Structures are given as structure tokens and as C-alpha cells.
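Coordinate analysis (summary)
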Amino acid sequence: MYPYVETPWGTLELYEGMQIAGAVMAVLVQMILLYRKACRKRCVLFSALFGLYSLIGLYAGALIRQTSYGKLQEGSLLRSVMAGEGRHYLGLVFVSALLCLPFTWILSRFLRIPGEEQKRCHRIVLNSLAAGLLVQHIFVRLGCFFRGCCYGKYYRGPGAIRMPGGEVPYPVFPSQLLEAAISAVLLVLILILMVKDYDVFGIMVAGYAADIILTEYFMDQKGSGMIWGITIIQWWAAGLLVLGGGYLIWQRPWRRQGR
């Protein structure tokens, strides 16, 4: 792990660099997919929704992290959340899943998109958002790996890693890389389905939630709040899994778009 890298412009923390690169790549992927699917004149505006989700998701992610680990700033949950410190990417996916439909509908009305084209545009926007969210999540988890945060449990088997800066004095499981790898596989799957004209947003939401629930078992859970032996982050992810199931029922992704 290399938490810092020297550049001609000074020292760069790779975690922050990966966060920025992930957001930029996510927007680019969305714009490319929107453009290829004939939302050409509107792709910039629809991609701007990702920036709005990211802003709201920042605080949702902070809420999830604070309720999971109880790291309150000056004893106030609200103040701690508004500071946006210690956020979890789960918050961004949750916000996107909750708001993508109403926000897309509002923007479609604002742009005066006709009824039938509006339905098609909604599907295109949701599919592109699914790909963008997974792209950014991969970058975020790689950033965590470089920084040495969100590390795994004590582990001495194949692939064991040690944290930079002496975070812990023993080898740990590469949980960040496992989570990123699962998201990469999920990304490839939904891109293949998108080429075949299937709806994939529900698959992405449910798949991401399952990724979080699974990989939490491999992470170091010191200080993590638990209910019935399940971490609070996993409970949040379970809620997202239910939401993803709702999308699956609504979209019926086993059918191609327009059928």
C-alpha cells in the first residue's frame, strides 16, 4: 500500500486522488452510455444528477458510518453527519436508489420529453447510473486499500497484506480488494446485459448490497455496532437489498427493454 505519491505539484494522498478519479470516471461512463443510447442533447443534464446524488449521498454515507461506529463529533450525531467525516459509499447508492426515479421524472418534465420517449429515457438513465455507481465504488475501495483503512480481519493465508503506517502490527485479509473485485465482476455483468438491452439498475442495487453484506464478514469489526451479531452496516445494506428487490420486481430485468 502507498498512501502518498509524489507529483510535480506536491504530495498527493492516493485516497483522495482515487475519490476524485472515481467521480470523474463515473460521470464520463454515464455520459458515454447516455450519448450512445441517443440521449445526446440531454446527457450532460442527466449526468449532472450524479453530482446531486453524490452531494446528498455524502451526508447519507456519514450517517451510516456514524450510526455504525458511533464516532460522534462533540457528542452530536447531527453535527458529526454534517461534517461529512467517516462516510460510507453505501450512502450514495442508497440515495441514488431512492431519488433516481423522482429526480429523473422531474428533469424529464423540465426538458419536455414526450411520454413514450420519457419512459425510454428513464431506463437509459437508470442503466447508465448503475454503471457509474459501480465504477466509482471500485475506485473508492482501491483508495481505501492505498490508504490502509477499512482493512480486514487478522489473516495469514494467501493474499494477506499489512497496513501502511503500522495501523495494525499483523497481516490482514484484503477485504478492500475483495469488495472492489466483486463490484468489477458485477460491472462486467451489467454491461453485458446492457448491450443486450436489459434493465440492470435493480441488479446493480441488489448486487452491491449483497457485496457489502458479504465482505463485512471479512472486515475488521472492532468498534462496529452490532444487532443480533450483525453489523449495523450490514443492516443498512439489508435495507438496500430490499430496495433492490423492489426494483427487480418493477423492472423484471429478465425481459429486454421495450418488451
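Please refer to the structure higher up on the page.
Here goes a summary of the coordinates provided. Here the structure is a predicted model, which means the values were calculated and not measured.

1. A look at the overall build of the chain
- If you tally the helices and strands in the chain, you get eight helices and four strands.
- Written out in order from the N terminus, the α and β elements of the chain read β-β-α-α-α-α-α-α-α-β-β-α.
- In the chain, buried positions account for 46% of the 259 residues.
- The long-range fraction of contacts in the chain, counting pairs at least 24 apart against all pairs at least 6 apart in sequence, stands at 71%.
- Surface summary for the chain: the accessible area is close to 13100 Å², and the carbon and sulfur share equals 67%.

2. Details of helix 4 (residues 90-110)
- For helix 4, with 21 residues, the first-to-last C-alpha span of 29 Å sits near the 30 Å given by 1.5 Å per residue.
- Among all positions of helix 4, only Leu90, Gly91, Leu92, Val93, Phe94, Val95, Ser96, Ala97, Cys100, Thr104, Leu107 and Ser108 are buried.
- Backbone geometry just after helix 4 places Arg112 at a positive phi near 55 degrees.

3. Side note on the pattern of salt bridges
- All chains considered together, the criterion is met by two salt bridges.
- Its salt-bridge partner being Arg123, residue Asp199 comes within 3.8 Å of it at the nearest N-O pair. One end of the pair, Asp199, is in the loop between helix 6 (175-195) and helix 7 (201-215); the other, Arg123, is in helix 5 (residues 115-147), and 76 residues separate them in sequence.
- Classification of Asp199 by relative accessible area gives buried; the value is 4%.
- For Arg123, a relative accessible area of 30% gives the class partly exposed.
- Across the pair Glu179 and Arg141 runs a salt bridge whose closest N-O atoms are separated by 2.9 Å. With Glu179 in helix 6 and Arg141 in helix 5, this residue pair connects regions lying 38 residues apart in the sequence.

4. Let's talk about the packing of aromatic side chains
- Taken as a whole and assessed by the stated rule, the structure comprises eight aromatic pairs.
- The interplanar angle of 70 degrees and the centroid separation of 4.9 Å between the aromatic rings of Phe201 and Tyr247 together place this pair among those described as edge-to-face. With a gap of 46 residues between them, Phe201 in helix 7 and Tyr247 in helix 8 (residues 232-251) connect regions that are remote in the sequence. We note that Phe201, like Tyr247, is buried.
- Ring centres of Trp228 and Trp235 lie 6.0 Å apart, and the angle between their planes is 70 degrees; this geometry places the pair in the edge-to-face category.
- Judged by its relative accessible area of 33%, Trp235 is partly exposed.
- In textbook terms, an aromatic cluster arises when at least three aromatic residues are bridged by ring pairs, as seen for Tyr155, Phe173 and Phe218.

5. Quick notes on the nonpolar core
- By size, the foremost hydrophobic cluster in this structure holds 42 residues, and its most contacted members are Leu133, Ile190, Phe201, Met204, Tyr208 and Leu240.
- Taken together, the elements giving at least two residues each to this core come down to helix 1 (14-36), helix 2 (43-69), helix 4, helix 5, helix 6, helix 7 and helix 8.
- Considering every element that reaches this core, the biggest residue donor is helix 5, with nine residues.
- Setting aside residues up to four positions removed in sequence, Met204 forms contacts with Ala130, Leu133, Leu134 and Leu186.
- Core analysis: the next-biggest nonpolar cluster, separate from the first, contains six residues, Tyr151, Ile161, Val168 and Val172 among them.

6. What to know about helix 6
- Here helix 6 contains 21 residues, and its C-alpha end-to-end distance of 31 Å stays within 8% of the 30 Å for a straight helix at 1.5 Å per residue.
- Residues Ser175, Gln176, Glu179, Ala180, Ser183, Leu186, Leu187, Ile190, Leu193 and Met194 constitute the buried set of helix 6. Projected down its long axis, helix 6 shows its buried positions confined to an angular sector of 140 degrees, all on one face. Across from the buried face of helix 6, at angles greater than 90 degrees, the exposed residues are Val185 and Val195.
- Taken from the residues just after helix 6, Asp197 is the one with a positive phi, measuring 65 degrees.

7. Some thoughts on unusual backbone geometry
- Unusually for a residue other than glycine, Asp197 sits at a positive phi of about 65 degrees.
- Along the chain, the position of Asp197 falls in the loop between helix 6 and helix 7.

8. What about the environment of Arg162?
- With respect to the element layout, Arg162 can be found in the loop between helix 5 and helix 6.
- C-alpha separation for the pair Arg162 and Phe173, spaced eleven residues apart in sequence, amounts to 8.8 Å.

Criteria and cut-off values
- Residues numbered from 1 in each chain as written.
- Predicted model: local features only at pLDDT ≥ 70, side-chain atom pairs only at ≥ 80, totals over all residues.
- Heavy atoms only, no water.
- Helix = DSSP H or I, 4+ residues; strand = E, 2+ residues; numbered from the N terminus.
- Buried < 20%, exposed > 50% of the residue type's maximum accessible area, 1.4 Å probe, protein only.
- Contact = heavy atoms within 4.5 Å.
- Areas by Shrake-Rupley, 256 points an atom, 1.4 Å probe, with all protein chains shown as cover.
- Expected span 1.5 Å × (residues − 1).
- Salt bridge = Lys/Arg side-chain N within 4 Å of Asp/Glu carboxyl O.
- Phe/Tyr/Trp six-rings, centres within 6.5 Å; stacked < 30°, edge-to-face > 60°.
- Core = buried A, V, L, I, M, F, W, Y, C linked by side-chain atoms within 4.5 Å.
- Arc of directions from axis to C-beta.

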